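So the chains spell out like this:
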Amino acid sequence: MHVVIVGAGEVGTSIAASLAPDHEVVVVDVDPDRAEQLKYELDVLTIAGDGTTSGIQTAANVGDADMVIACTDDDRTNLVTCGTAKTLGDGFTIARVKSTEYLRTWEGTERAFGVDFMVCTDLLTAQNIVRVIGLPAAVDVDPFASGLVQMAEFEIDAESPVAGQTVSEADRFESLTFVGIFRDGEMIIPRGDTPIGAGDRAVVIGSPESVHSFANDVAPDTTPDRADEIVIVGGSEIGYQTARLLEEREFTPRLIERDGDRARTLAEELPNTVVMEHDATDTEFLSREHVDESDIVVAALGSDEQNLLVSVLAKRLGADRVIAVVDSPDYVTVFEEIGIDIAINPRTVTAEEITRFTYESIAENIAVLENDQAEVLELELTEGCRFAGRTIAELVDEIDARFVIGAITRNHALVTPRGDTVLEPGDHVVLLVDSDAVSEIASMA
């Protein structure tokens, strides 16, 4: 597949790195130095220039491209890029935007702006926050197989009852499978005798009920059946979208916004959210509003520095869990190292969503884990494919690639995978795969 990526920032670079091993990738960026650097880092063709112009797009062979991905930091640049691409060819166009107004316009026709698929960074980030709120002990959650299967990633604290156990000791749920453990930047395919240590990140796949039960084992003191006390700090677009999505799930969050006009607007648009106009860095105010009793605090202010301050204050006051929006990927580690429970980077979320979409031709669904070290795929098995008619044990013995089958759905029912489970055509198989082997495994289904 010939793919043209316009924008070599964090989003474009991440997408290019994911696609380059299996596709012909061209990256366009206005910064000549960045284009030159990326050419050698990823071994892709790069072009320095304005990606909105037909001349640069012609040089990138957009006319013959299968896909054009516009992912600069500017919404209008991305929309114009897609519009120009449609005048040169019929490749599938993907645009990254921050504004939900552009998203709503596009959703009205799905032909607006010459965009075939639009990814809204702020909405995606809010959706990620809400998924994690639904399973408070997890750092990442994704549904598969129309909601019958859930993938969740948990960070194991030293105080967790699971720390020090082996996988077989921790895995006491019928419909749950340990599929991966990330330790010191490396992925481990777990066996029954694999120890689970403090600081590990464990990835499990199973029924939503079993995943929730395991979450209670991981953090019994911080995993209530429902996180009722939710405080959102910041009436940014991400803060607003988070509150709106929580209202749809019958939560009644509180939202703190310093600007009076913005607070009034939010109060009008969020009927089931208590909007408070105040400075969220005022510790007396936070104590008076019992933020220390909150199940979850979401820091969604306009800058990383502000979110860091609010997150530290919330943890110091005693909030159970803090989720912070971190715009710079370089700061994510800083937030996590000082004890902030979850740091969500909008650029990473966007890159993963676009990468997920590019794999739609080979997988029903996909989740990207730990900076693309591994991916969770949902594959529908076809008649005569290599997986069909074979037991899982046979496939593991025969295939060199690192993978673990975590769940199977058959005729809309969940099947717990075992070594002697025979896979059948029509099965939906959810499995964790080493990123280097995604195309190889997907081609066998």
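Residues numbered from 1 in each chain as written. Predicted model: local features only at pLDDT ≥ 70, side-chain atom pairs only at ≥ 80, totals over all residues. Heavy atoms only, no water.

- The protein chain carries the name Trk system potassium transport protein TrkA in an unreviewed UniProt entry, which gives Halorubrum halodurans as its organism.
- Under Function (unreviewed entry), UniProt gives the following word-for-word description of the protein chain: "Part of a potassium transport system." (UniProt positions renumbered as here; feature names shortened; annotations may be inferred.)

## Some remarks on the state of the cysteines
Next up, step 1: On inspection of all chains with the given rule, the structure shows 0 disulfides.
Next up, step 2: The structure places no disulfide on Cys82, whose sulfur is separated from the nearest cysteine sulfur, that of Cys71, by 9.8 Å.
Next up, step 3: The exposure class of Cys82 is buried, given its relative accessible area of 0%. (Disulfide = S-S within 2.5 Å. Buried < 20%, exposed > 50% of the residue type's maximum accessible area, 1.4 Å probe, protein only.)

## Points about the packing of aromatic side chains
Aromatic rings in a pair are described by how distant their centres are and how their planes are angled relative to each other.
Next up, step 1: Summed over the entire model, instances satisfying the criterion amount to 7 aromatic pairs.
Next up, step 2: Seen from their ring centres, Phe387 and Phe403 are 6.4 Å apart, and the 25° between their planes marks the pair as stacked. Residue Phe387 is located in the loop between strand S19 (374-380) and helix H15 (392-398), and its partner Phe403 is located in strand S20 (residues 403-410); the two are separated by 16 residues in the primary sequence. The burial state of Phe387 is the same as that of Phe403; both residues are buried. (Phe/Tyr/Trp six-rings, centres within 6.5 Å; stacked < 30°, edge-to-face > 60°. Helix = DSSP H or I, 4+ residues; strand = E, 2+ residues; numbered from the N terminus.)

## Some thoughts on the nonpolar core
Next up, step 1: Ranked by size, the top nonpolar core spans 58 residues in total, and within it Ile5, Ile15, Ile69 and Ile323 carry the most contacts.
Next up, step 2: Residue contributions to this core peak at 7 residues, all from helix H6 (residues 121-134).
Next up, step 3: Ignoring any residue separated from it by four or fewer positions in sequence, one finds Ile323 in contact with Ile129, Val132, Ile133, Ile296, Val297, Val298, Ala299, Ile342 and Ile344. (Core = buried A, V, L, I, M, F, W, Y, C linked by side-chain atoms within 4.5 Å. Contact = heavy atoms within 4.5 Å.)

## Focus on the UniProt feature "domain: RCK C-terminal" (unreviewed entry) in the protein chain
Next up, step 1: UniProt annotation of "domain: RCK C-terminal" (unreviewed entry) refers to residues 139-220 and 364-445 when read in the numbering used here.
Next up, step 2: For the annotated span residues 139-220, helix accounts for 18% and strand for 37% of the residues, and the straight-line distance between the end C-alpha atoms is 16 Å.
Next up, step 3: What you have in residues 364-445 is 16% helix and 37% strand, and the ends, taken at the C-alpha atoms, are 11 Å apart.

## Thoughts on the sheet that holds strand S1 (residues 2-6)
Next up, step 1: If you trace the 6 strands from one edge of the open sheet to the other, you get S3-S2-S1-S4-S5-S6, paired in parallel fashion. Only two strands of the sheet have a single partner each, and these edge strands are strand S3 (45-48) and strand S6 (117-120). Between one strand axis and the next, the sheet turns by 15° as a mean value, whatever way the strands run.
Next up, step 2: Note that S1 and strand S2 (residues 24-29) share 5 bridges and pair parallel. If you follow Val3 over to S2, its bridge partner there is Val25.
Next up, step 3: Docked against the sheet, helix H4 (residues 75-88) engages S1, strand S4 (67-70), strand S5 (92-97) and S6, running at close to 170° with respect to S5. (Pairing = 2+ DSSP bridges. Axes fitted to C-alpha atoms, helices over the stretch in contact; angles between N-to-C directions.)

## A look at the sheet that holds strand S17 (residues 342-344)
Next up, step 1: With parallel pairing, 6 strands are arranged side by side in an open sheet as S14-S13-S12-S15-S16-S17. Taken across any chain shown, the strands that pair with only one partner, and hence form the sheet edges, are strand S14 (274-277) and S17. Geometrically, the sheet is characterised by an average inter-axis angle of 20° between neighbouring strands, direction not taken into account.
Next up, step 2: Alignment of strand S12 (residues 230-233) against strand S15 (residues 296-299), held across 4 bridges, turns out to be parallel. Across the sheet, the residue bridging to Ile232 is Val298, located in S15.
Next up, step 3: Along the sheet, helix H9 (residues 237-248) contacts S12, strand S13 (254-257) and strand S16 (321-325); its crossing angle with S12, the most-contacted strand, is approximately 160°.

## Some thoughts on the pairing of S1
Next up, step 1: By the criterion of burial, S1 is predominantly enclosed, with 5 of the 5 residues buried.
Next up, step 2: Side chains His2, Val4 and Val6 of S1 all project onto a buried face; the interleaved residues Val3 and Ile5 project onto the opposite face, where all are buried too.
Next up, step 3: You can see the chain leave S1, run along helix H1 (residues 10-19) and come back into S2, and the turn it takes is right-handed.
Next up, step 4: The pairing of S1 with S4 spans 4 bridges and is parallel. Of the residues in S4, the one forming a bridge with Ile5 is Ile69. (Right-handed = clockwise from strand over helix to strand, strands pointing away.)

## Some remarks on the packing of H1 against helix H2 (residues 32-42)
Next up, step 1: The contact between H1 and H2 brings their axes to 11 Å, and the two run at 25°. In terms of axis orientation, H1 runs roughly parallel to H2. Read as a crossing pair, H1 and H2 show a hand that is right-handed. Residue-level contacts link Thr13, Ala16 and Ala17 of H1 to Arg34, Leu38 and Leu42 of H2.
Next up, step 2: In terms of residue class, the contact of H1 with H2 is made up of 4 nonpolar, 1 polar and 1 charged. (Parallel < 35°, antiparallel > 145°, perpendicular 65-115°, else oblique. Left-handed = near helix turned anticlockwise from the far one by under 90°. Nonpolar A, V, L, I, M, F, W, Y, C, P; charged D, E, K, R; others polar.)

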